[in-house]
Amino acid sequence: MKYVSDSIKKIDSDALLKGKGVYTDDLAPKDALCIKVVRSPHAFAKITSIDDRQTRRVPGVEMVLTHQDLQRIPFTRAGQCYPELSPYDKFILDEYVRHVGDDVAIIVAENQRAAEIGAKRLKVTYEVLEPVLDYRKAEGHRTLVHPEKENFIPVDFVGYHREKNLACEIGFEVGEIDEVLETSEVVITKSYESQAQAQAMMETQRAYSYEDTYGRLVVVSSTQIPFHVRRTLARALDMPMGKIRVIKPRIGGGFGSKQSIHGEFYPALITKLTGKPSKILYSRKEVFSGTTSRHKMGFDITLGATKEGKILGIEMKALSDTGAYGEHANTTVGAAGKKVLTLYNKVKACSFKGKAVYTNNLPGGALRGFGVTQGTFALESAVNELAEKLQMDPVKLREINMIQKGETTPIYNIITKGSGSDPIYMDSCELEACVQRGKEIFAWEDRRRRIAKEKEALREKGKARGVGMAIAQQGSGLPNIDMAGATIKLNDDGFFTLLVGATDIGTGSDTILSQIAAEALDVSVEQINIHASDTDVSPFDSGAYASSTTYTSGNAVIEACKNMEALIREYGAKVLEENTEDVSFEGGRIFSNRGKEISLEAFSKKITYSMIHQQLTATGSFVPKKAAPPFMAGFAEVEVDLDTGKTDLLDFVGAVDCGTAINPTLARVQAEGGIVQGMGMALYEEVKVNAKGKLKSNSFMEYKIPTRKDVHNIQVELIEGHDDTGPYGAKSIGEVVVNTVPPAIMEAIYQATGARIRTLPATPEKVWRAMEKKKQENNKTGE
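About the thresholds
- Within each chain, residue numbers correspond to sequence positions counted from 1 in written order.
- Under the rules for a predicted model, residues below a pLDDT of 70 receive no local features and side-chain atom pairs below 80 are neither given nor counted, while totals for whole chains, interfaces and linings still include all residues.
- Side-chain metrics in this entry use all non-hydrogen atoms of the structure; hydrogen atoms and water are not considered.
- Each helix is a run of DSSP H or I of at least 4 residues and each strand a run of E of at least 2, with the numbering of both proceeding from the N terminus.
- The buried label goes to any residue with under 20% of its type's maximum accessible area, the exposed label to any with over 50%, and the partly exposed label to all in between, with areas taken from a 1.4 Å probe on protein chains only.
- Two residues qualify as a contact provided that any one of their heavy atoms is within 4.5 Å of a heavy atom in the partner residue.
- Here the aromatic set is Phe, Tyr and Trp, taking the six-membered ring for Trp, and pairing holds for ring centres within 6.5 Å; pairs whose planes are under 30 degrees apart are stacked, those over 60 apart are edge-to-face, and all others are tilted.
- We call a charge positioned over a ring when the NZ of a Lys or the CZ of an Arg lies within 6 Å of the ring centre and within 35 degrees of the ring normal.
- Remark: nonpolar core denotes a set of buried residues (Ala, Val, Leu, Ile, Met, Phe, Trp, Tyr, Cys) joined through side-chain atoms within 4.5 Å.
- UniProt positions are given in the numbering used here, feature names are shortened, and annotations may be inferred rather than shown by experiment.
- Any Lys or Arg side-chain nitrogen found within 4 Å of a carboxyl oxygen on Asp or Glu counts as a salt bridge.
- When two cysteine sulfur atoms are found within 2.5 Å, that pair is recorded as a disulfide.
- The angle between two axes is taken between their N-to-C directions and runs from 0 to 180 degrees, where each axis is a line fitted to C-alpha atoms and a helix contributes only its stretch in contact.
- In this scheme, a crossing is called left-handed if the near helix is turned counterclockwise away from the far one by less than a right angle; it is called right-handed if the turn is clockwise.
- Side-chain classes are defined by residue name, with Ala, Val, Leu, Ile, Met, Phe, Trp, Tyr, Cys and Pro counting as nonpolar, Asp, Glu, Lys and Arg as charged, and the others, Gly among them, as polar.
- In short, DSSP must find at least two bridges between two strands for them to pair.

### Some points on the overall build of the protein
Here's step 1: When helices and strands are counted, the protein shows 22 helices and 28 strands.
Here's step 2: For the protein, the spread of C-alpha atoms along the three principal axes comes to 95 × 75 × 50 Å.
Here's step 3: Classification of the 783 residues of the protein by burial places 62% in the buried group.
Here's step 4: In the protein, the proportion of contacts linking residues at least 24 apart, taken out of those at least 6 apart, comes to 80%.

Right under this line is the structure:
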């Protein structure tokens, strides 16, 4: 292959290095009205009155909108294919506010300062209600987070019970789990909890809108899901979808935050009402308090095994805090079981039961890993604890039990829509190779011996070191749900315009899709001009989520290019006066079997200007039909300060099976970024609220994410693999790389200190307290 597996530079890297990257706000009209949202100071309250007289007196303020001014239409902010699995439980503005930071009113002004002053002067009177903040007490709580009856969900199989504060309930099982656990020789039951985590992308939510020449509403947004934005805006604003156009410019990161629709409603509404351009820019504080975070989840896990280490049964019970709104509630808690239990396919029985409950906390949303991260932390931590109980090497325990190449599990049929009953074999699974290669690079056994040898010397310095490992999988798009389209157009100088609905959120997907197109057409990457994405121009694409872009959109690009090649051969035959079957297209030239040939440049000029007069355009679509999961093995070494509990991740080895790496450098960058994000989840990051539901951390001064100084050594090994259903054998990589980090680090902390951390993150205080507790226990037992 010429262009696949080639680490070419990102096609936009030079522009970014020169500071020429243009983002949403750089493009907004200079005369756009500025919008500021007034946000709730209360976790749960009913708005009894709003006095806007002082606000309207602020010079420059043009409009104040409250819930009394708007049509009451429920919708979901979740960017999902239709019908969504999320309840329609949100209104643009409502008389109830359900979390600190919820939307109260909209202030519109000539400039940002006037809008902000106007927002501060708005007098709002609330009837403060008792909030429910503890997700473990939310189900059946006397506080009903959504008392309104207009809410509904467009599907009927997700266990939505508004009157019980239940956003969803999901479950599946294989075999007789109770019987298997009762007869297992070794049984452990443990509980784990992973925290709410912020996406912490560079560019905050922002959008602007205007009316075009034909009176249509144009919304430009930093979004991962332009087509879902168009559909949801049409519902929320009660407009025909055909009257709305959504454009995605360059995006400064998303990590799932922009898979929900947040700011787009406001400028779209104001432009619809006034005919004037308008814009909204979320401050960092608004991102923390007014958008979403990773769902906080608690797990109770029971494992049954033989004394020799064969895992016989796994029971997982999950409870997710979806916060004030139910967007992505079902899909995240479901993924915590569906894409985690498949790792251990040799069990006789397994069971998963999950619920997501409404609370008056910040809403949960999509974040890299999308529930799988939470589930992997819990199950992999439990497997590490089982290895400890069995006095077995955790690597060996996994080698005995994990899914391997060519194997299957009935869970794949349960979780794959429309899969039927035929077994779904993991023919491209390289998990065994990931574990083996990761173990070699990490020098797992030698390192453990070295750490044991250095133990006393380190303790004299007040330090302790330990190692841990974990395995994980993810998905590559959503089978029989997600869909991508691509259109390619031959231009009159022999270059191509590739139109995709896929959304590059900084991952380099525009580069990767260009490489795929170049490979498919056997032309240079420089002959491919990619354009994404504009709902008026681009073919449909579900969006940048579920690790789908390379796999799903990449396959659509190949399909479009195949169709383009057929057109080139068909019209090449006319130009060369040959039969189509005697004509081939290769290396940018069109050949006939009888020796005639013409360059693509000359051909395109001829069919455009002097012969035939035909525009060649081809479209391809793709819907995944089966699971094509990537796999990973992660190995961590930590050093813990025994006086403070501070933990440093000294070394992390990630061996990743992403099938064919279309661009190995970009794949490694994805892996390194995911590992660092997992490190933040393991050690630092947590969206915390006080007893009244107010955020304790709403800026990067209080919310710590890993910096370059925190990152020591990260090694990424891309395992050679090939999935026959992927574009040139590729699978996804964007999300699987975050999943192994927290459980591997928690096990390493335990091996270093004897202190077991089952609730993330492992902050210095938490580790120190766990070590002190362990000391007290040892003192009692005389150890």
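### With respect to the packing of aromatic side chains
Here's step 1: A complete count under the given rule lists 13 aromatic pairs for this structure.
Here's step 2: Consider the rings of Trp 444 and Phe 635, whose centres lie 5.7 Å apart with planes at 70°: the pair is edge-to-face. Taken as a pair, Trp 444 in helix H14 (residues 444–453) and Phe 635 in strand E26 (residues 631–641) lie far apart in primary sequence, 191 residues in all. The exposure classification of Trp 444 matches that of Phe 635, with both residues buried.
Here's step 3: An aromatic cluster is present here, built from Phe 288, Phe 700 and Tyr 703 joined pairwise through their rings.
Here's step 4: The ring centre of Phe 442 lies 3.8 Å from the NZ or CZ of Arg 447, which sits over that ring.

### Notes on the nonpolar core
Here's step 1: Counting residues in hydrophobic clusters, the biggest one holds 119 residues, and the most contacted among them are Ile 314, Leu 431, Ile 745 and Ile 749.
Here's step 2: Contact partners of Leu 431, with chain neighbours within four places excluded, come to Leu 343, Met 402, Ile 403, Ile 471, Phe 631 and Met 632.
Here's step 3: In this structure, Ile 530, Ile 558, Ile 607 and Leu 666 belong to the second largest nonpolar core, which totals 48 residues.

### Remarks on helix H9 (residues 329–338)
Here's step 1: Burial within H9 is extensive, with 8 of its 10 residues counted as buried.
Here's step 2: Looking at the buried residues of H9, the elements they touch are strand E7 (166–174), strand E14 (296–305), strand E15 (311–323), strand E16 (349–358) and helix H10 (372–390).

### Observations concerning the environment of Asn 698
Here's step 1: Note that Asn 698 resides in the loop between helix H19 (664–683) and strand E28 (713–718).
Here's step 2: Given a relative accessible area of 24%, Asn 698 falls into the partly exposed group.
Here's step 3: With 676 residues separating them in the primary sequence, Asn 698 and Val 22 have C-alpha atoms 27 Å apart.
Here's step 4: In this view, Asn 698 contacts Arg 284, Lys 285 and Phe 288; residues no more than four positions away in its chain are not counted.

### Regarding the UniProt feature "domain: Aldehyde oxidase/xanthine dehydrogenase a/b hammerhead" (unreviewed entry) in the protein
Here's step 1: Taking the numbering used here, the UniProt-annotated feature "domain: Aldehyde oxidase/xanthine dehydrogenase a/b hammerhead" (unreviewed entry) corresponds to residues 18–130.
Here's step 2: Structurally, residues 18–130 comprises 16% helix and 30% strand, and the distance from its first C-alpha atom to its last is 53 Å.

### Remarks on the side chain of Gln 670
Here's step 1: Relative to the assigned elements, Gln 670 resides in helix H19.
Here's step 2: Excluding residues within four positions of it along the chain, Gln 670 makes contact with Arg 368, Thr 507, Ile 733, Gly 734 and Val 737.

### Examining the pattern of salt bridges
Here's step 1: Summed over all chains, the structure comprises 54 salt bridges.
Here's step 2: For Arg 142, the salt bridge is made with Glu 130, and the minimal N-O distance between the two is 2.8 Å. Pair noted here: Arg 142 is in the loop between strand E6 (123–128) and E7 and Glu 130 is in the loop between E6 and E7, with a separation of 12 residues, a long-range link.
Here's step 3: Residue classification places Arg 142 among the exposed positions, given a relative accessible area of 69%.
Here's step 4: A salt bridge links Lys 463 to Asp 641; its shortest N-O distance comes to 3.3 Å. Residue Lys 463 is located in strand E18 (residues 463–473), and its partner Asp 641 is located in strand E26; the two are separated by 178 residues in the primary sequence.
Here's step 5: Residue class for Asp 641 comes out buried when judged on its relative accessible area of 17%.

### Regarding unusual backbone geometry
Here's step 1: At the junction of Tyr 82 and Pro 83, the peptide bond is cis and its omega measures out at -5° in the coordinates.
Here's step 2: Tracing the sequence through the fold places Pro 83 in the loop between strand E3 (61–65) and strand E4 (96–97).
Here's step 3: Following Ala 532, the chain continues to Ser 533 via a peptide bond in cis, the omega torsion being -15°.
Here's step 4: Phi at Asp 522 is positive, roughly 55°, even though this residue is not glycine.
Here's step 5: Judged by its relative accessible area of 18%, Asp 522 is buried.
Here's step 6: With a phi angle near 50°, Ser 547 is a residue other than glycine that sits in the positive phi range.
Here's step 7: Relative to the helices and strands, Ser 547 is located in the loop between strand E21 (528–531) and helix H17 (549–576).

### Digging into the state of the cysteines
Here's step 1: Inspection of every chain in the model, using the stated rule, returns 0 disulfides.
Here's step 2: You can see Cys 168 has no disulfide; the closest cysteine sulfur is in Cys 81, sitting 18 Å from it.
Here's step 3: Classification of Cys 168 by relative accessible area gives buried; the value is 0%.
Here's step 4: Free cysteine Cys 434: the closest other cysteine sulfur is in Cys 429, separated by 7.7 Å.
Here's step 5: A relative accessible area of 0% places Cys 434 in the buried class.

### Considerations on the packing of helix H16 (residues 509–521) against H17
Here's step 1: With their axes 9 Å apart at the nearest point, H16 and H17 run at an angle of 35° to one another. Of the two possible hands of crossing, H16 and H17 adopt the one that is right-handed. Contacts from Ser 509, Ile 512, Leu 513, Ile 516, Ala 517, Ala 520 and Leu 521 of H16 reach H17 at Thr 549, Thr 550, Ser 553, Gly 554, Val 557, Ile 558, Cys 561, Met 564 and Glu 565.
Here's step 2: Considering only residue class, the contact of H16 with H17 consists of 10 nonpolar, 5 polar and 1 charged.

### Some thoughts on the sheet that holds strand E20 (residues 496–500)
Here's step 1: Read across the open sheet, the 4 strands follow the order E21-E20-E19-E25; overall the sheet is mixed. The strands lining the two open edges of the sheet, one partner per strand, are E21 and strand E25 (617–622). Geometrically, the sheet is characterised by an average inter-axis angle of 20° between neighbouring strands, direction not taken into account.
Here's step 2: In the packing of H16 onto the sheet, contacts are made with strand E19 (484–490), E20 and E21, and the angle to E21 comes to roughly 140°.
Here's step 3: Across the sheet, H17 is in contact with E19, E20 and E25; its angle to E25 comes to roughly 145°.

### Focus: the sheet that holds strand E23 (residues 589–592)
Here's step 1: An order of E22-E23-E24 is seen for the 3 strands of this open sheet, with the pairing classed as antiparallel. Edge strands, defined here as strands with exactly one partner in the open sheet, are strand E22 (583–586) and strand E24 (597–599). Neighbour to neighbour, the strand axes of the sheet diverge by 15° on average, direction disregarded.
Here's step 2: Bridging between E22 and E23 involves 4 bridges; their strand directions are antiparallel. What sits directly across from Val 583, in E23, is Ser 592.
Here's step 3: Along the sheet, H17 makes contact with E22, E23 and E24, crossing E22 at roughly 125°.
Here's step 4: Most of the contacts of helix H18 (residues 600–610) go to E24, to which it runs at about 85°, and overall it touches E22, E23 and E24.

### Points about the pairing of strand E10 (residues 217–221)
Here's step 1: Counting buried positions over the 5 residues of E10 gives 5, a clear majority of the element.
Here's step 2: Because side chains alternate across E10, one face comprises the buried residues Leu 217, Val 219 and Ser 221, and the other comprises Val 218 and Val 220, equally buried.
Here's step 3: Inspection of the sheet shows strand E9 (residues 206–211) paired to E10 by 5 bridges, in the antiparallel sense. Among the inter-strand pairings, Tyr 208 is bridged to a residue of E10, identified as Val 220.

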